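# Architecture and fold: a report
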Amino acid sequence: MAAESLLKTGKHWKYTSYRKILYHRFFVGLLLFIVISLVFTVVFNAFSGSSPRIDVYQAVNLDSTSVEVVKISRSSLEAKARVANCTYSDCFDVYRCGRGGHNKITIYIYPLKHYQTEDGNSISQFSKEFYIILDTIRRSKYYTPNPEEACLLVPSIDTLNQHSFSSKHVSQALRALPHWNNGENHLIFNMLPGTAPNYTPVINLNTSRAIIAGAGFNTWTFRYGFDVSIPVYSPTAEKIDSTQPEEKKYLIISTQLNIPHNYLEELQNIASSSNDLLLLGRCKTESTDHSRRCEYTTGREFDYPNVLKDGMFCLVVRSARLTQAILMDILASQCIPIVISDSVVMPFNSHVDWNRLALFVPEDNIKNLVKIVHSVSKERRGELYWQLRWAFDRYFASVEKITLTALEIINEKVFPLAARMYEEWNMPEHLYGPVNPLFLPVTAPKSPGFTAVILTYDRVDSLFALVTKLVRTPSLAKILVVWNNQKKPPPPSSEWPVINKPLKVIRTKENKLSNRFFPYDEIETECQLTIDDDIVMLTPDELEFGFDVWREFPDRIVGFPSRLHVWDNTTNSWRYHSEWTNQISMVLTGAAFHHKIWSWYYTYKMPEEIRRWVDDNFNCEDIAMNFLVANVTRKPPIKVTPRKKFKCPECTNTEMLSADARHMSQRSACIARFAESYGNMALRPIEFRADPLQYREVGSGVPHAYPDIGAL
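None of these values were measured; they are calculated from a predicted model.

## Considerations on the packing of aromatic side chains
Overall, the coordinates contain 27 aromatic pairs when judged by the stated rule. Relative to Phe 674, the ring of Trp 613 has its centre 6.5 Å away and its plane inclined at 90°; by these criteria the two rings are edge-to-face. One end of the pair, Trp 613, is in helix H15 (residues 608–617); the other, Phe 674, is in helix H17 (residues 661–678), with 61 residues separating them in the sequence. With respect to burial, Trp 613 and Phe 674 carry one shared label: buried. Taken together, Phe 348, Trp 354, Trp 390, Tyr 395, Phe 396 and Trp 425 form an aromatic cluster joined through their ring pairs. Positioned over the ring face of Trp 425 is Arg 420, at 4.2 Å from the centre of the ring.

Spelled out as C-alpha cells, the structure:
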C-alpha cells in the first residue's frame, strides 16, 4: 500500500510540473504576441499618419462656373401636393436636429445644378436675391456641409418668383432630390406667389411637407407655427437713405399703383374732400416710369420714393397679391404704415408685434380713415415712428437680414427653450430701457432661505466672528466664503468654528472685487446676501428682517448701508455723498440682499468697460451693481433698519479701504464714469426706509417679531 501510494504521488508531481511548463509557455507566447502587435501598430501609424486628412463633405460652391446639368424627364414623378395642415410633430423630424448643439439648428444646401427639361430649357431662373439667401445661409452659424447631420435642407432651385419657374418641372426636381422624403425637414423660399389673374396667396408648387418661408400668405393658407411669413424684398428700399425732413408735410400719403377699383374710389372721395390725404397714382404721360407719381386730383408730379418721407402715415391696401413690396419702401422711408388688408399675414408675425409698427384699418371702414388717424395721439405716433425705424434696420433692411430673421424664428420653433423673450424681439433697449428679467411672485417664498456670500482676504478673526453670527439667522441656508487671497491658503477646516449650516470655501484665481458677484453654482437659493468679512455688528434679527423685506421687493437691492449721488453745481459733475440723509440712491453691497440673477448680469451682461475698471482700480463694485439693477428695473434700492454706523470695531482706520480720502474721490469719479457708460443717470433716489412694525413700541405687551434691531 505504501509503495502504491508513493507511485501515485510521483505521477501527480510529474503531471503538475508538465502543466506549469505549458502555462508558462502560453503566457510567454501571449506576451510576445501583444508586444509584436503594439510595435506593428506604432510603425503603421507612423507611416500612415503623415498623409493629410481629406474631409468627406465640402461646403457648397455658389460661384462655380461649371455646374452639372440635370435633365428632367417628362415621365419623372412629381412631389406630392402641399400638406394643408402641418405641424412640427407630424411633418417634421425633430430627431434630426440637435447635432449642431443643444440650441442650434443645422442647415444643408444642396449642390448647385442646372435643371433642364428634355428640350434643354431651364426649369428655373437663378436670381440675385436667391443667391444672397443661399450665401447668407452658407456664411451663417447654422450651415453644415453634411446632409446627414442637417436639421433643415434647402434646395438650390430658385422658387422666389412664381413667374420664373415651371411648377411641374420644379416639382419633379424636388421629388428627385436624394433626401427629399416627401419634403420632410426641407425649407422652400418664395416671395411672389401665384400668377395672374388669381394670384394664389401661397406658392403654386407641390411641396408636400416642406416648410414654406414665403410672402403673401393669408389666414387660410398660412400654417401657423410651421410656415414663416417673410416680406416681399424691395430693391428700392435698400437705396432709401435715413435722412428725414424737418417736418412732415402730409398726414396720409398713398403711392400704391395697384389698388383695387372699389377701394380706389373710396380713397378718391376722401382726397377730394380733405387735405389730409395725398392720393398719388401712375402718371398718364409716364406709364412705364415707376420713379414718378402724380396726384389724382391735380396731376402734380412727385418723385418716388422720396415723397414717402413727407408723410406721417402711408397706405398699404390689399391688392391681387396680399403682401406688397411697397411695405418695405414705406418702412425704409420711416413713414408709419396703415395696413388695409383683413386677411393678410404680416411678415414674421409670430415674433414681430406689428401693432407696435403700424395701424390696421378694416377694409369696410376705409371711409373713416382720416377720422381714425386723427384719433392717434402724438405720443402714440412717436412710439410707432421710432419703433419702425428700429424694426426695419434689425429685421427687414436687406435680404441677408430677412434670411437670418427667418432662420432664427425656425430655430426658436425647433428649440423653444433657446427662444428670446417677446421684449427682446419687440422692445429696443434704447427706447424702453432694459427688460427686468425677474418674473417673481409678489412675495418670494421664505422656506428656501438665502445664501451668504462673504468676500474675504486675510482677516480670519473677523471672518470667523461673522460666520458665528450669521448661523444664528433662522433663514440662512448656506455660507459661501470667497477666498480672494492667492498668496495665502484659507485656514484648515479644523480651525473653523463649528456651525450647524453648510459652509463652502471657494479659492479665486485673481484678487478681484468682481469675484463677490460671480454666479457660483453653489448658490442654490434665489436670494443671496453679499456681505464683507468685517460687517460683524448686524444682529440675526436685523438680517432676518432684511431678508423678509427682500421677499417683498425681490427685484431690488435691499440692504443696510446706504449712499446718495448728488449733482455738484461747482464742478458740474456727479458726487458721491456719504453723509446721513433721508434720501438714498444706493445700498452698498457690503451688506445687502439681492436676487442671484444680478450676479449673472454683473458677470455677463454689464458693460465690459465698467467691470474692467472696477477690477483694475479695486473700487466701486457696489456702485456698479446699483447702476446695473437700477438701469434694468428702473427702481431704487431699499434701505432697512435705522442703523447707519458700520465701522468694524476691531479694525483701525488704516485697515479700512473706505477711510481713504482718495477712495472717496474715486467713487465720485465712478458715478460720472458709469453714467456715461449707460448713457444716462440710472440711479433712482428715494426717501424710504423699511423698519419693523413694532420698532418704536415699548411696553405694548405684544412680543416683537424682531426685538434685536440696532440703533443708529
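## Some thoughts on the packing of helix H14 (residues 597–604) against helix H16 (residues 621–633)
Between H14 and H16, the least distance of the axes is 10 Å, while the angle of their chain directions is 105°. By the angle between their directions, the pair H14 and H16 is classed as roughly perpendicular. Touching Trp 598, Ser 599, Tyr 601 and Tyr 602 of H14 are Glu 621, Ala 624, Met 625, Leu 628, Val 629, Val 632 and Thr 633, all from H16. Of the residues assigned to the contact of H14 with H16, the class counts are eight nonpolar, two polar and one charged.

## Focus: unusual backbone geometry
Note that the residue after Tyr 304, namely Pro 305, is joined by a cis bond; omega there is 15°. Of note, Asn 185 is a non-glycine position whose phi angle comes to about 65°, a positive value. Looking at where Asn 185 falls in the secondary structure, it is placed in the loop between helix H3 (167–175) and strand S5 (187–190). The phi torsion at Phe 348 lies on the positive side, around 55°, for a residue other than glycine. Residue placement: Phe 348 occurs in the loop between strand S13 (336–340) and strand S14 (359–360).

## A few points about the sheet that holds strand S21 (residues 573–577)
Ordered in space as S21-S20-S22, the three strands form an open sheet in which the pairing is antiparallel. Looking at strand neighbours, the two that pair on one side only are S21 and strand S22 (586–587), the edges of this open sheet. Both strand S20 (residues 562–568) and S22 contribute to a ladder of two bridges, which runs antiparallel. From the neighbouring strand, Arg 563 faces S22, where its bridge partner is Met 586.

## With respect to a nonpolar patch on the surface
A cluster of nonpolar residues, Phe 26, Leu 30, Phe 33, Ile 34 and Leu 38, forms a patch on the protein surface that exposes about 520 Å² of accessible area. By the element assignment, Ile 34 lies in helix H1 (residues 2–48). Owing to a relative accessible area of 42%, Ile 34 belongs among the partly exposed residues under this scheme.

Calculation rules
- Residues numbered from 1 in each chain as written.
- Predicted model: local features only at pLDDT ≥ 70, side-chain atom pairs only at ≥ 80, totals over all residues.
- Heavy atoms only, no water.
- Phe/Tyr/Trp six-rings, centres within 6.5 Å; stacked < 30°, edge-to-face > 60°.
- Helix = DSSP H or I, 4+ residues; strand = E, 2+ residues; numbered from the N terminus.
- Buried < 20%, exposed > 50% of the residue type's maximum accessible area, 1.4 Å probe, protein only.
- Lys NZ or Arg CZ within 6 Å of the ring centre and 35° of its normal.
- Axes fitted to C-alpha atoms, helices over the stretch in contact; angles between N-to-C directions.
- Parallel < 35°, antiparallel > 145°, perpendicular 65-115°, else oblique.
- Contact = heavy atoms within 4.5 Å.
- Nonpolar A, V, L, I, M, F, W, Y, C, P; charged D, E, K, R; others polar.
- Pairing = 2+ DSSP bridges.
- Patch = residues over 30% accessible without salt bridge, like charges linked within 9 Å, V, L, I, M, F, W, Y side chains within 5 Å.
- Areas by Shrake-Rupley, 256 points an atom, 1.4 Å probe, with all protein chains shown as cover.
- Salt bridge = Lys/Arg side-chain N within 4 Å of Asp/Glu carboxyl O.

Coordinates in, geometry out; function isn't part of it.
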